[in-house]
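# Residue-level structural notes
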Amino acid sequence: MKAKITATASYLPERILTNFDLEKMVDTNDEWIRSRTGIETRHLVKEGEATSDMGTQIALQLLEKSGKDPEEIDLILVATSTPDYLVCSTAALTQDKIGAKNAWGFDIAAACSGFIFAMETASKFIESGRYKNAIVIGADTMSSIIDYTDRDTCVIFGDGGGGVLLESSDDDVGILDSILYIDGSGSRYLNVPAGGSAHPTSKDTVDKRMHFVHQDGKPIFKFAVKNMADVSKQILDQNKLTGDDLKLFIPHQANRRIIDAAAKRCGLPEDKVFINIHKYGNTTAGTIPIALNEAAESGRLEHGDLLLLAAFGGGFTWGSMLIRWGDA
Ligand code: UT7
């Protein structure tokens, strides 16, 4: 038995922050941001809007598209690095808001690879036969941990998320394979230093702005290109496939140059690579499910198509997933 995607959804908050808006906030400019990252706009939540609010909108769309009742959902996983609270999972808050009273679930923290990690986890529960309907969400409110005086990070990230409904499949569509990695030696390059048990929040940590994302962009760039390309090639090789067999490659959207370089290293032509980073920036766990929903809604995926997902993120975390598309 396999786990197949039977509905997709995404949510982007209404407020839009353009490169020109950022020019007024930090020492940057539209030309630099577009040429170095490919980003033109990103969406930001309104005051009081949290990750579970986005998760709820995504879950409600999934219920509507699939025609399922909330009571039929038995598992909710939320991949996020920006939970509403340190204690109380965003999955539980989402469960409550949609009234999925027969569900259990939890959050998964794997930064930008979170959605693939959550899909792998949910698929194993579905494949066990014990759970029938899983909602898998990737969503991040990056604006809650971004320092809008730090040009190294504030130009890159945005808020948003997406998700899928996973159900069991007896035919040959669904999640075919995945390869996932973590390497904690990379944690020094991208992290939020304070607010956890290593450096609990204090006046000192706040004064030192340690509750915001800190990133050393250059090494991350190199690791991202190499590891996303390697893990994509690895999954194709172990399934005796080449880029020619794929309908679409949906990589994590962190930087247009990372996507182009990784796709080139795997020998994937531009027309098979899904790119929407110009509109949303890097929404961390949100990028892949947002792209997946756009690809599905725009008719780029048909029954039987082979789809490759790949991500790289803080931790370090990275991985790839091969999917044969069904009828979502
Ligand atoms: O999902 C994982 C999350 N993180 C990432 O994926 C980050 C990966 N890294 C990157 O995307 C890129 O490294 C960045 C976009 C962060 C930076 O691009 P870069 O081409 O590596 O630029 P750089 O850091 O080498 O900086 C080049 C120049 C520097 O000036 P000088 O020393 O050449 O005079 C920077 O000070 O650009 C300057 N700079 C900026 N200028 C305008 C750095 N940030 C900015 C900025 N606006 N926002």
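For the structure itself, consult the block above.
On a predicted model such as this, the values are computed, not experimentally measured, just so you know. (Residues numbered from 1 in each chain as written. Predicted model: local features only at pLDDT ≥ 70, side-chain atom pairs only at ≥ 80, totals over all residues. Heavy atoms only, no water.)

Turning our eyes to something else, we now look at the overall build of the protein. Looking only at helices and strands, the protein features 11 helices and 13 strands. Compactness check: the protein gives a C-alpha radius of gyration of 19 Å against a globular reference of 20 Å for 328 residues, within 12% of the reference. Judged by the C-alpha coordinates and their principal axes, the protein covers about 55 × 45 × 35 Å. Looking at the protein as a whole, 55% of its 328 residues are labelled buried. Pairs at least 24 residues apart make up 76% of the contacts formed inside the protein by residues separated by at least 6 positions. Surface exposure of the protein reaches about 14,000 Å², of which carbon and sulfur atoms provide 50%. (Helix = DSSP H or I, 4+ residues; strand = E, 2+ residues; numbered from the N terminus. Rg over C-alpha atoms; globule rule 2.2 N^0.38 Å. Buried < 20%, exposed > 50% of the residue type's maximum accessible area, 1.4 Å probe, protein only. Contact = heavy atoms within 4.5 Å. Areas by Shrake-Rupley, 256 points an atom, 1.4 Å probe, with all protein chains shown as cover.)

It is worth spelling out the side chain of Asp177 at this point. Assignment of secondary structure puts Asp177 in strand β8 (residues 174-182). Buried and unpaired, Asp177 has Lys124 as its nearest opposite-charge partner, separated by 7.3 Å. In this structure the side chain of Asp177 is engaged in a polar contact, spanning 2.8 Å, whose partner is the side chain of Asn239. Discounting residues that sit within four places of it in the chain, Asp177 has contacts with Ile235, Gln238, Asn239, Ser320, Met321 and Leu322. (Lys, Arg positive; Asp, Glu negative; His and termini not counted. Salt bridge = Lys/Arg side-chain N within 4 Å of Asp/Glu carboxyl O. Polar contact = N/O pair within 3.5 Å; in protein donor to acceptor, adjacent residues only side chain to side chain.)

Once that is clear, we can look at the sheet that holds strand β7 (residues 159-169). As summarised here, the arrangement of the five strands in space is β1-β7-β6-β4-β5, forming an open sheet in which the pairing is mixed. Bordering the open sheet on either side are β1 (2-11) and β5 (104-108), each of which pairs with just one other strand. The sheet shows a mean angle of 20° between the axes of neighbouring strands, direction not considered. This element, helix α11 (residues 287-297), spans β1, β6 (133-141) and β7 of the sheet and lies at about 95° to β1. (Pairing = 2+ DSSP bridges. Axes fitted to C-alpha atoms, helices over the stretch in contact; angles between N-to-C directions.)

With an omega dihedral of -10°, the bond running from Gly315 to Phe316 counts as a cis peptide bond. With respect to the element layout, Phe316 can be found in the loop between β12 (306-313) and β13 (317-324). The residue Ala111 is not glycine, and still its phi comes out positive at about 50°. Of note in this structure, Lys240 is not a glycine but carries a positive phi near 55°. Counting through the fold element by element, Lys240 comes out in the loop between α8 (217-238) and β11 (248-251).

The next thing to look at is the packing of helix α3 (residues 51-66) against helix α4 (residues 90-98). Across the interface, α3 lies against α4 with an axial gap of 9 Å and an inter-helix angle of 50°. In terms of orientation, α3 and α4 fall into the oblique class. In this structure, α3 meets α4 at a crossing whose hand is right-handed. Packed against α3, whose contacting residues are Thr51, Ser52, Asp53, Gly55, Thr56, Ala59, Leu60 and Leu63, the element α4 presents Thr90, Leu93, Thr94, Lys97 and Ile98 at the interface. Of the residues belonging to the contact of α3 with α4, the class tally is five nonpolar, six polar and two charged. (Parallel < 35°, antiparallel > 145°, perpendicular 65-115°, else oblique. Left-handed = near helix turned anticlockwise from the far one by under 90°. Nonpolar A, V, L, I, M, F, W, Y, C, P; charged D, E, K, R; others polar.)

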